[in-house]
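Below, each chain spelled out in residue letters.
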Amino acid sequence: MTTPDVLALHGGEPAIAAPFRKYNSIGAEEKEAAVKVIESGVLSRFIGRDGGDVYGGDVVRDFERRCETFFGAKHAITVNSWTSGLIAAVGAIGIEPGDEVIVSPWTMSASATAILHWNAIPVFADIEEQTFCLDPQSVEDNITPYTKAIMAVDIFGQSANMRSIMEIAKRHGLKVISDTAQAPGAVYHGRKAGTLADIGGYSLNYHKHIHTGEGGVIVTDDDILAENCRMIRNHAEAVMEDRPGSDLVNMVGYNFRLGEIESAIGIEQLKKLPGLIETRQQAAARLTEGLADLKGLRVPAVEAGCTHVYYVYAMILDIAALGVPKEKIAAALRAEGLTSVSTKYVNLHLLPMYQQKTAYGSNGFPWTAEFSRKNISYEKGICPTAETLQDTSYMGFGICHYELDDNDLDLIISAFRKVWRNLDKLV
Ligand SMILES: Cc1ncc(COP(=O)(O)O)c(C=O)c1O
C-alpha cells in the first residue's frame, strides 16, 4: 500500500480521486425562455436601416434595460461577442489611424486587436503584481502625444485601479475603455466594475460567469458614445443615409447584433449572476483560509471597499523561498488531480504578431504607415512585472470552471498542502 504522503507524481495516491463537476449555469429557466422566443418565430428583429428596429427586437431591448439596472449604467448595448463590443468601443471614441491606446499585456488578445482593427496602435504598459491589472505609473510613463485612450482590463475578476487611471486620463485628456470581460458584478468602491470608464463591458462567452453561448454587453453613461456603439453594431454607414448631417467618423458598420434567443437566455443568466458570484466568493474564501499559511505562496488580495468575482484564483509563488520552479510544483499538483492549475497566462507584447509587427498585409501596416509613431517597442523587458509573473511566479486556478462544494475545496487544499510538505522531493 502506498503511504498517503507520497506525491502522486512519484507513485503515491492522488489527493483528488475524481474530476470536479463542470460548471453549468444553464437550466430550465434558460430553456423555457429560449423556447418562448422560438415559438414566437422572431429570432432577431434588427434591421440595418434607420427606424425603430435599428435597435433590435423586444427581448434584446428588455435584456439591455435589465443590464442597465444591474450594472448601474445609463446605457447597455448588447453585442454578439465582447470582442465585437471592444471593437465598437474603440471606434466609438473617435479613434484616428495611428492613435495609440495604452493597454495591458496581461489579457486576452482581443483587448489589443480591437485597437488594431481601427489601424490604431496598442502600446503595452506594465501591470501591478497585486491585481494583475494596469499599473498606473507605467500607464503614465507610456503616454505620448499620440495617446488617445487607455484600455484598463479587469482581469481574473477584479477591477483595475480605476481611481488612478481615471485621474491620469482626466489630466491628459484621454478616454478610458474598461475591458471587464472577466469581472461582471465585481464592485469597485461602490460601483460595478466596467462602469467607471467612458465605455466598459462584459463578455457572455461560454466560459464566463454567465453566458449566452457567445455574446457581450457594452455599458456607458455617455449618450453620444452609446449611440456610436449602437451604430457600429449595426451597419452604421447605411443607417447614416437617413440621418443627414450626422458625424460620420468611424461610422463603418458591422453586424455585431445579438439575437433574441441569446438575449432571452441572458435575461435568465443575469438573474442568477449575484448567486453565482457569491458561490465563487465563498469558494475562494475557503481556499484562501486553507492556503494562506503556506510558505512562499501568495493568495489573491482584494482591496478594501472592492470585491473580486474570482474568474481565476490567481496566486504568486516566491520561487526563491520555495527553491522549486513553478512548473515542477504545477506538475505535482496536476498529478494530485488538480488538472487545471496553470503556470502561464499571457504576455501579449511577445506574441509573434507584435514581435514581427505583421497585422494587415505583409508590410507592417499599421506600424509602418506614415501616420504611426515609428519607435513603438514590443521588446521583452518593456513590461517586467508581467514578464516575471509569466516566467517565474504566476500560478492560477480557473475557479469559475467548476461546481466546487466544500469537500472539493478541502481536497484542493489537501493537494496543495501535500505538495508543500514534499517540496524538497521536487528539487
Ligand atoms: C479579458 C478579455 N477580453 C476580451 C475577451 C473577448 O470576449 P469574447 O470571447 O466574448 O469575444 C475575453 C474573452 O475571453 C477576455 O477574457
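Our structure's up above, just so we're on the same page.
Residues numbered from 1 in each chain as written. Predicted model: local features only at pLDDT ≥ 70, side-chain atom pairs only at ≥ 80, totals over all residues.

Chemist: Sorry, what's going on with helix H9 (residues 260–291) here?
Modeler: An α-helix turns once per 3.6 residues; consequently, residues spaced three or four apart project the same way. In this model H9 runs 44 Å from its N-terminal to its C-terminal C-alpha over 32 residues, within 8% of the 46 Å that 1.5 Å per residue would give. Along H9, the sharpest change in direction is near 45° and occurs at Lys272; proline Pro274 comes one to four residues later. (Helix = DSSP H or I, 4+ residues; strand = E, 2+ residues; numbered from the N terminus. Expected span 1.5 Å × (residues − 1). Bend = angle between axes of the 7 residues up to and from the residue.)

Chemist: I tried to follow the site of the ligand on my own but got confused; where do I start?
Modeler: Ser81, Trp82, Thr83, Ala181 and Ser203 are the nearest of the 14 residues found near the ligand. Sorting the residues of the shell around the ligand by element identifies helix H3 (82–92) and helix H4 (110–116) as the ones contributing at least two each. Residues that form the shell around the ligand fall into these classes: five nonpolar, eight polar and one charged. (Near = placed C-beta within 6 Å. Nonpolar A, V, L, I, M, F, W, Y, C, P; charged D, E, K, R; others polar.)

Chemist: Explain the pairing of strand E2 (residues 75–79) to me, please; I cannot follow it from the model alone.
Modeler: Regular strands show a simple pattern: their side chains alternate between the two faces of the sheet. With four of five residues buried, E2 lies mostly within the body of the structure. Pairing of E2 with strand E10 (residues 216–220), which is carried by five bridges, proceeds in the antiparallel orientation. By the bridge assignment for E10, His75 is matched with Thr220. (Buried ≥ 20, exposed ≤ 12 C-beta atoms within 10 Å, placed from the backbone. Pairing = 2+ DSSP bridges.)

Chemist: Got a minute to help me understand the pairing of strand E6 (residues 175–179) in this structure?
Modeler: Most of E6 is tucked away: five of the five residues are buried. The two faces of E6 match: Lys175, Ile177 and Asp179 on one face and Val176 and Ser178 on the other face are all buried. Following the backbone out of strand E5 (residues 147–153), through helix H6 (residues 162–172) and into the adjacent parallel E6, one traces a crossover that is right-handed. Strand direction decides the pairing type here: E6 and strand E9 (residues 199–203), joined by three bridges, are parallel. In the strand pairing of E9, Ser178 is matched with Gly200. (Right-handed = clockwise from strand over helix to strand, strands pointing away.)

Chemist: Would you mind showing me how to read the environment of Gly194 here?
Modeler: Within the fold, Gly194 resides in the loop between strand E8 (191–192) and E9. With 40 residues separating them along the chain, Gly194 and Asp154 place their C-alpha atoms 7.9 Å apart. Setting aside its immediate chain neighbours within four residues, Gly194 contacts Phe71, Asp154, Ser178, Thr180, Gly200, Gly201, Tyr202 and Val219. (Contact = placed C-beta atoms within 7 Å.)

Chemist: Mind showing me how you'd approach unusual backbone geometry here?
Modeler: Negative phi characterises most residues that are not glycine, and trans characterises most peptide bonds. Cis rather than trans, the peptide bond between Phe365 and Pro366 has omega equal to 10°. Phi at Phe156 is positive, roughly 70°, even though this residue is not glycine. Within the fold, Phe156 resides in the loop between E5 and H6. The exposure class assigned to Phe156 is buried, which follows from the 25 C-beta atoms found within 10 Å.

Chemist: What exactly am I supposed to notice about the nonpolar core here?
Modeler: Nonpolar side chains tend to gather and get buried jointly when the protein is soluble and globular. Membership of the largest hydrophobic core comes to 124 residues, with the highest contact counts inside it found for Ala89, Val90, Ile115, Ile150, Ala152 and Ile165. Residues from two domains meet in this core; each of domain 1 (8–24 + 273–344 + 387–426) and domain 2 (28–269) gives at least three. If we skip the residues at most four places from it in the chain, Ile150 touches Ile102, Val139, Ile165, Ala169, Leu174 and Val176. (Core = buried A, V, L, I, M, F, W, Y, C linked by C-beta atoms within 7 Å. Domains from an automatic or database assignment.)

Chemist: What should I look at first to understand the packing of helix H11 (residues 326–335) against helix H14 (residues 406–421) in this one?
Modeler: For any two helices packed against each other, one specifies the crossing angle of their axes together with the interaxial distance. H14 packs onto H11 with a crossing angle of 130° between their chain directions and a minimal axis gap of 10 Å. Considering the angle they form, H11 stands oblique to H14. The way H11 lies across H14 gives a crossing that is right-handed. Taking contact as the criterion, the partners of Ile329, Ala332 and Leu333 in H11 are, on H14, Ala415, Phe416 and Val419. Tallied by class, the residues present in the contact of H11 with H14 amount to six nonpolar, no polar and no charged. (Axes fitted to C-alpha atoms, helices over the stretch in contact; angles between N-to-C directions. Parallel < 35°, antiparallel > 145°, perpendicular 65-115°, else oblique. Left-handed = near helix turned anticlockwise from the far one by under 90°.)

Chemist: Even after reading the chapter, I still don't get the sheet that holds strand E12 (residues 313–317), so can you show me in this structure?
Modeler: Paired through their backbone hydrogen bonds, the strands of a sheet run either parallel or antiparallel. With antiparallel pairing, four strands are arranged side by side in an open sheet as E11-E12-E14-E13. Only two strands of the sheet have a single neighbouring strand rather than two, namely strand E11 (297–298) and strand E13 (341–342).

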